[in-house]
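# Coordinate analysis (summary)
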Amino acid sequence: MQAGSHQYRDLTITPINEQEDLVVSCDISAGFGDRELDIVKCSPEISVSFTLRTAMLELISYGATPINVIDTLSVEYDPTGIKVIDQMKQDLVEMGYPDLSINGSTEDNLDIQMTTVSVTVIGRAAHKSFENTQDLAVFQLGVPLMGNEVLANLDNIFKVKQAIDLRREKAVVDMIPVGSKGVGYELGVLANSDDLKLELANGIDQSQINKTAGPSTVLLVAVANEDTDDFSKNHPELKQIARLRK
């Protein structure tokens with residue numbers, strides 16, 4: 001068993017026995033809400049939904065099962081905190097985790113004029129060796145969106161449940177959500193993780209590759225080369241954007 005905690009991508013991994021690790025992910029949203037100093041005006045429920053979404057996608061992409069959710073909110077408990085926590089409960093039901101406990105804290109001493117929402121998710125996963133010896137095809141789910149673009153496309157953004165279902169498929173070797181650093185950066189992370197060479201597909205729009213994907217509006221899915229054709233037929237909503245080769 002590996003001694004102590006270590007970081008893997010945006011996660012903290014802590015071995016708890018020879019077979020299992022604790023996996024911790026987190027995300028924060030600031031300036032998205034309905035208060036005076038918020039930059040992007042939206043309901044606090046939307047703000048927390050996308051913050052929870054990002055933390056959950058990080059955990060699920062690793063292959064971990066969430067066991068606890070923690071929220072830290074810069075808003076008062078009543079009424080805003082209550083609305084936010086109720087929204088988180090609804091989102092967890094939609095994801096397929098209706099029994100996950102939620103713990104956290106609110107700010108009830110000061111009148112805060114900017115919404116800040118932070119979510120931490122703790123999960124468990126089988127211990128991994130991180131050794132991949134095969135070439136991979138990388139598929140993209142979703143498109144990069146940020147700020148008001150997100151609000152204008154709420155019905156078109158893929159659901160966390162889609163990511164959960166994809167991670168369970170045998171053909172899927174790895175997954176990684178894309179946020180503020182963009183698709184190109186996360187493709188590099190995938191390549192470096194497995195010591196593979198990145199080859200972009202022909203006709204890739206560089207402006208989209210480098211654009212921020214905000215609250216994880218894109219998911220990269222790495223599939224074993226021999227499974228590429230079947231995977232592509234079964235998932236026409238995903239497009240192949242790269243290959244990773246030895």
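Before reading further, recall that the structure is shown in the block above.
These notes cover the structure that comes with them. (Residues numbered from 1 in each chain as written. Predicted model: local features only at pLDDT ≥ 70, side-chain atom pairs only at ≥ 80, totals over all residues. Heavy atoms only, no water.)

### Concerning the side chain of aspartate 71
Mapped onto the elements, aspartate 71 comes out in strand E6 (residues 65-73). Of the side chains with opposite charge, lysine 89 comes closest to the buried, unpaired aspartate 71, at an N-O distance of 9.2 Å. Contact partners of aspartate 71, with chain neighbours within four places excluded, come to Ile85, Met88, Ile102, Asn103, Gly104, Ser105 and Ser118. (Helix = DSSP H or I, 4+ residues; strand = E, 2+ residues; numbered from the N terminus. Buried < 20%, exposed > 50% of the residue type's maximum accessible area, 1.4 Å probe, protein only. Lys, Arg positive; Asp, Glu negative; His and termini not counted. Salt bridge = Lys/Arg side-chain N within 4 Å of Asp/Glu carboxyl O. Contact = heavy atoms within 4.5 Å.)

### What to know about the packing of aromatic side chains
For the structure on display, the rule yields 2 aromatic pairs. Judged by centre distance (5.7 Å) and plane angle (65°), the ring pair of tyrosine 8 and tyrosine 62 falls under edge-to-face. Note that tyrosine 8 is positioned in strand E1 (residues 6-8) and tyrosine 62 in helix H1 (residues 44-62), a separation of 54 residues in sequence. On the basis of relative accessibility, which here comes to 4%, the residue tyrosine 62 falls in the buried class. Here arginine 53 stacks its cationic end above the ring of phenylalanine 158, 4.4 Å away from the centre of that ring. One Lys or Arg, lysine 128, reaches over the ring of tyrosine 62 and ends 4.0 Å from the middle of that ring. (Phe/Tyr/Trp six-rings, centres within 6.5 Å; stacked < 30°, edge-to-face > 60°. Lys NZ or Arg CZ within 6 Å of the ring centre and 35° of its normal.)

### Some words on the pairing of strand E8 (residues 116-126)
Pairing analysis gives 11 bridges linking strand E3 (residues 20-30) to E8, with the strands arranged antiparallel. For aspartate 27, the partnering residue across the bridge sits in E8 and is valine 119. Pairing of E6 with E8 involves 8 bridges; the strand directions are antiparallel. Pairing of leucine 73 across the sheet is with valine 117, part of E8. (Pairing = 2+ DSSP bridges.)

### Here's the deal with the sheet that holds strand E9 (residues 136-142)
With antiparallel pairing, 5 strands are arranged side by side in an open sheet as E10-E12-E9-E13-E11. Both edges of this open sheet fall to strand E10 (172-178) and strand E11 (197-200), since each of them pairs with a single strand only. On average, each strand axis in the sheet is inclined to that of its neighbour by 25°, with strand direction left out of account. Of the pairings in the sheet, the one linking E10 to strand E12 (residues 218-224) comprises 6 bridges and is antiparallel in character. Within E12, the position partnered with aspartate 174 by the bridge is alanine 222. Sheet contacts for H1: E10 and E12; angle to E10, the most-contacted strand, approximately 165°. (Axes fitted to C-alpha atoms, helices over the stretch in contact; angles between N-to-C directions.)

### Here we look at the sheet that holds E8
Reading across from one edge, E1-E2-E3-E8-E6-E7 is the order of the 6 strands in this open sheet, with mixed pairing throughout. Each edge of the sheet is formed by a strand with only one pairing partner; in this case those strands are E1 and strand E7 (101-105). Ignoring which end each strand starts from, the neighbouring axes of this sheet average 25° apart. Two strands pair when backbone bridges link them, and E1 and strand E2 (residues 11-15) are joined in this way by 3 bridges, in the antiparallel orientation. Paired with histidine 6 across the strands is isoleucine 13, a residue of E2.

### Considering the packing of H1 against helix H4 (residues 160-167)
In the contact formed by H1 and H4, the axes pass within 9 Å of each other and the chain directions differ by 5°. In terms of their interaxial angle, H1 and H4 are classed as roughly parallel. Seen from H1, the contacting residues are Arg53, Met56, Leu57, Ile60, Ser61 and Tyr62; seen from H4, they are Val160, Ala163, Ile164 and Arg167. Residue classes in the contact of H1 with H4 are distributed as 7 nonpolar, 1 polar and 2 charged. (Parallel < 35°, antiparallel > 145°, perpendicular 65-115°, else oblique. Nonpolar A, V, L, I, M, F, W, Y, C, P; charged D, E, K, R; others polar.)

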